Amino acid sequence: MNPGYALFGLPNGNGMGFVERGVRVTVIEMEGGCPLHGEIVLQGSKNAVLPMIAASILCTGVTVIHNCPVIDDVKCMMKLLRKLGCRTELTGHTLSIDTTDIIQETLEENAVKEVRASVLFMGSLLGRTGSAGLCFPGGCSIGKRPINYHLDAFEKMGIDINIMDEQINCKTAKLCGAKITLDFPSVGATENIILAAVLAKGVTQIKNTAREPEIVDFCRFLRNMGARIYGAGTKNIVIYGVKKLHPIEYTVCDDRIAMATYGLLIAGTGGNLVLHTKERQTENDIRILACTGCRLCVKNTALIIKQKKRVRPVDFIKTSPYPGFPTDVQSLLMTVLTKADGKSILEENIFENRYHTVSELIKLGANIKVKGNRVTIYGVGELRGKNIRANDLRGGAALVIAGLMAEGQTKLEHAKYIARGYEDMTDKLQNIGAKIKSGSE
Ligand code: UD1
């Protein structure tokens, strides 16, 4: 961690209650306008590890997951595992889950509402016990986020579903394979169906599945456990149910959204970043960063990002399921484009409430017009620091980028969302020279 420079002219411990590691961050203060230089070690993937945590209960014994990101969503999933009767331990980046005893099949409201991925315990509880009780899951306020695809598929697999108020109770005497076609390639539905199918009797065929790299990694994890899954990464996945799975040790893939976040930060602030990754980066991931005009170089497993010039505008980018442009990167890119040398247009096609960030960027001096699911961003020469507020995980990270791009001081409130998906973000940014501090109010 950086030694405590005097942020905003105040010494450390200025009465705002700046936090130690592990304490909930609710506010981030920044002084922006400087290029950043240094190195960051990329975290393991949030969206890959969460379904793996749910999958751990499909077998009996101790599953060990390496490269696990230390983030609030993981801690919430660990809490849910303990409620089910499992023992969990997170040491460094190694998560151990002992699933020998499952003492209950129902998860209560508060814990489930804290993390969207809790819905995945439905598929895995059904596989393990034939019964699952959960309320509708939580997560960020980026859209309605229904789970009708999950439930429709479960019904086809011989599961009785009973919904009372907010509670969903699922039960089956015989979990059966089925032919399922998704109306939309939903990531969560694809994962939940796979979780239910790996121990079902017979064959499950899923058409129009999500093809995200996290799904590919998740299926690799399940195959190592003994599952028979074919076609991960394509639009058609076939699963042959097996009788039993076994515990494994596994290393989670890199977090490509965190990679885009730190890369876009450099695109916006200028500077030079070496991002240390576990794997060599894909063309697709690099393309996302290259569109802003920054220079990229891949050296073995390090990605070097340099930005010397003003951000390049983009003609038109629309979000769509993988391999399209990720919705999770939309607000991050929009933020960087606020200072581009010209006009850019973005279109959001996955979640209906993903423009929360616009009003906050406008407070900093951005010129953005929203029309339906499209935004037009007219690049300005300068952003100016102000008090702003985060509304969701990726939007929160986008506003940290905005604060570091802006001249002067920015205070970001409701910053608690960021820790749901980013490990030690403020420490990492301090280490590359950012004037940033997190605190609790
Ligand atoms: C996952 C990711 C999230 C990412 C999103 C889209 C995790 C933990 N989260 O979320 O970071 O932004 O994919 O890439 O992996 N839908 C329905 N009915 C359903 C399910 C989904 O209508 O039963 C709709 C949603 O409202 C949304 C779209 O399908 O409009 C995509 O949602 P989905 O892919 O399921 O997102 P999540 O799995 O929740």
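Computed from a predicted structure; not experimentally measured.

Topic: the nonpolar core
Move 1: Counting 76 residues, the largest nonpolar core has Phe121, Met157, Ile194 and Leu222 as the members making the most contacts within it.
Move 2: Core analysis: the next-biggest nonpolar cluster, separate from the first, contains 68 residues, Met259, Ile388, Met425 and Ile436 among them.

Overview of the packing of helix H4 (residues 120-129) against helix H6 (residues 187-197)
Move 1: With their axes 7 Å apart at the nearest point, H4 and H6 run at an angle of 10 degrees to one another. One way to sum up the angle between H4 and H6 is to call them roughly parallel. In this structure, H4 contributes Leu120, Met122, Gly123 and Ser124 to the contact, and H6 contributes Gly188, Glu191, Asn192, Leu195 and Ala196.
Move 2: Residues belonging to the contact of H4 with H6 are distributed by class as follows: four nonpolar, four polar and one charged.

What about the sheet that holds strand E6 (residues 131-135)?
Move 1: Read across the sheet, three strands follow the order E6-E8-E7 without closing on themselves; strand pairing throughout is antiparallel. The two strands at the open ends of the sheet, each matched to only one other strand, are E6 and strand E7 (160-164). With strand direction ignored, the average angle separating the axes of adjacent strands in the sheet is 15 degrees.
Move 2: The sheet contact formed by E6 and strand E8 (residues 167-171) spans five bridges and is antiparallel. From the neighbouring strand, Cys135 faces E8, where its bridge partner is Gln167.
Move 3: Contacting E6 and E8, H4 runs over the sheet at an angle of about 160 degrees to E6.

Comments concerning the environment of Gln330
Move 1: Secondary-structure assignment places Gln330 in helix H10 (residues 327-337).
Move 2: Each C-alpha atom, one on Gln330 and one on Arg354, is 8.3 Å from the other, the two residues being 24 residues apart in sequence.
Move 3: Gln330 has contacts with Thr319, Phe325, Leu346, Glu348, Arg354 and Tyr355, leaving out every residue within four places of it along the chain.

Quick look at the site of the ligand
Move 1: Taken together, 17 residues sit near the ligand, with Asn148, Ser186, Val187, Asp328 and Ile350 positioned nearest.
Move 2: Here an oxygen atom of the ligand sits 3.3 Å away from a polar atom, N or O, in the main chain of Pro146.
Move 3: In the environment of the ligand, an oxygen atom lies 2.6 Å from a nitrogen or oxygen atom belonging to the backbone of Ile350.
Move 4: Relative to its unbound accessible surface of 740 Å², the ligand loses 86% to contact with the protein.
Move 5: Judged by its atoms lying within 2 Å of the grid points, the ligand is housed in the largest pocket.
Move 6: Contributing elements (two or more residues each) for the shell around the ligand: helix H5 (148-156), H6 and H10.
Move 7: A per-class count over the shell around the ligand returns seven nonpolar, six polar and four charged.
Move 8: Built from parts of two domains, the shell around the ligand gets at least three residues from each of domain 1 (3-42 + 255-439) and domain 2 (46-251).

Topic: the pairing of strand E4 (residues 87-91)
Move 1: The pairing of E4 with strand E5 (residues 94-98) spans five bridges and is antiparallel. Within E5, the residue paired with Arg87 across the bridge is Asp98.
Move 2: Counting the residues in the hairpin turn of E4 and E5 gives two residues, including Gly92, whose phi is positive at 60 degrees.

Quick notes on the confidence of the model for the chain
For any part of a model where pLDDT is low, the fine detail of the predicted coordinates should not be relied upon.
Move 1: On average, the chain scores 91 in pLDDT, and the residues at 70 or more come to 93%.
Move 2: Residue range residues 1-20 is modelled with pLDDT below 50. Its contacts to residues more than four positions away, or to other chains, number 39 contacts.

Brief notes about the domain arrangement of the chain
Move 1: Taken as a whole, the chain is organised into domain 1 (3-42 + 255-439) and domain 2 (46-251).
Move 2: Averaged C-alpha coordinates put domain 1 and domain 2 at centres separated by 31 Å.
Move 3: Roughly 2,100 Å² of surface becomes buried between domain 1 and domain 2 when both sides are summed, with 49% attributable to carbon and sulfur atoms.
Move 4: A per-residue breakdown of the area domain 1 buries against domain 2 is headed by Tyr322, Arg420 and Glu423, which together make up 33% of the total.
Move 5: Taken together, the connections running from domain 1 to domain 2 amount to two salt bridges.
Move 6: In this structure, Asp73 and Arg420 form a salt bridge, with 2.9 Å as the shortest nitrogen-oxygen distance.

A word on helix H11 (residues 356-363)
Move 1: Residues of H11 that are buried include every one of Thr357, Val358, Glu360 and Leu361, and no others.
Move 2: On its buried face, H11 is in contact with H10, strand E19 (367-371), strand E20 (374-378), strand E21 (387-389) and helix H12 (393-405).

Digging into the pattern of salt bridges
Move 1: According to the stated counting rule, one finds twelve salt bridges in the structure shown.
Move 2: For Lys79, the salt bridge is made with Glu114, and the minimal N-O distance between the two is 3.2 Å. Of the two residues, Lys79 sits in helix H2 (residues 72-84) while Glu114 sits in the loop between helix H3 (109-113) and H4, which places them 35 residues apart along the sequence.
Move 3: Of the charged contacts in the structure, one is a salt bridge between Lys363 and Glu360, with a shortest N-O distance of 3.1 Å. In this pair, Lys363 and Glu360 both sit in helix H11, three residues apart, roughly one turn of the helix.
Move 4: By relative accessible area, which is 42% here, Lys363 ends up partly exposed.

Observations concerning the packing of helix H1 (residues 46-55) against helix H7 (residues 213-224)
Move 1: It is at 8 Å that the axes of H1 and H7 come closest, and there the two elements cross at 30 degrees. Taken as axis vectors, H1 and H7 run roughly parallel relative to one another. Of the two possible hands of crossing, H1 and H7 adopt the one that is right-handed. In this structure, H1 uses Asn47, Ala48, Pro51, Met52 and Ala55 to contact H7, whose residues at the interface are Glu214, Asp217, Phe218, Phe221 and Leu222.
Move 2: Residue composition of the contact of H1 with H7, by class: seven nonpolar, one polar and two charged.

Calculation criteria
Numbers given for residues are sequential positions, taken from 1 along each chain in its written order. Residue-level local features of this predicted model are given only where pLDDT is at least 70; pairs of side-chain atoms are given and counted only at 80 or more, and the full residue set underlies all totals for whole chains, interfaces and linings. Values reported for side chains reflect all heavy atoms of the structure, with hydrogen atoms and water molecules removed beforehand. The set of buried Ala, Val, Leu, Ile, Met, Phe, Trp, Tyr and Cys residues whose side-chain atoms join them within 4.5 Å is what this entry labels a nonpolar core. Using a 1.4 Å probe on the protein chains alone, a residue whose accessible area is under 20% of its type maximum counts as buried, one over 50% counts as exposed, and one in between counts as partly exposed. Angles run from 0 to 180 degrees between N-to-C directions of axes, and those axes are lines fitted to C-alpha atoms, restricted for helices to the stretch in contact. Secondary structure elements follow DSSP: runs of H or I of four or more residues count as helices, runs of E of two or more count as strands, with numbering from the N terminus. Angles are sorted into four bins: roughly parallel if under 35 degrees, roughly antiparallel if over 145, roughly perpendicular if 65 to 115, and oblique for all others. Pairs of residues are marked as contacts when any of their non-hydrogen atoms sit within 4.5 Å. Amino acids are sorted into nonpolar (Ala, Val, Leu, Ile, Met, Phe, Trp, Tyr, Cys and Pro), charged (Asp, Glu, Lys and Arg) and polar (every other residue, Gly among them). Here a strand pair is declared whenever DSSP counts at least two bridges between the two strands. To be near a molecule or strand, a residue needs just one of its heavy atoms within 4 Å of it. Polar contact criterion, stated in full: a pair of N or O atoms within 3.5 Å, where within protein one must be able to donate a hydrogen and the other to accept it, and residues adjacent in sequence count only if both atoms are side-chain atoms. Computed with a 1.4 Å probe, the accessible areas rest on the Shrake-Rupley method; for each residue, only the protein chains presented here act as cover. In the cavity and pocket records, a cavity denotes points on a 1 Å grid over the protein atoms alone where a 1.4 Å probe fits but cannot get out, a pocket denotes an open set with protein on both sides within 12 Å along at least 5 of 7 lines, and lining residues are residues with an atom within 4 Å of a point. Whether a molecule lies in a cavity or pocket depends on its atoms, and more than half of them have to be within 2 Å of the grid points. Note: domain ranges come from an automatic or database domain assignment. pLDDT is defined as a per-residue confidence score from the predictor, taking values between 0 and 100. Each of two parts loses accessible area, computed with a 1.4 Å probe, when they are put together; buried area is these two losses added. We count a salt bridge whenever a side-chain nitrogen from Lys or Arg sits within 4 Å of a carboxyl oxygen from Asp or Glu. In a left-handed crossing the near helix is turned counterclockwise from the far helix by less than a right angle, and in a right-handed crossing that turn is clockwise.

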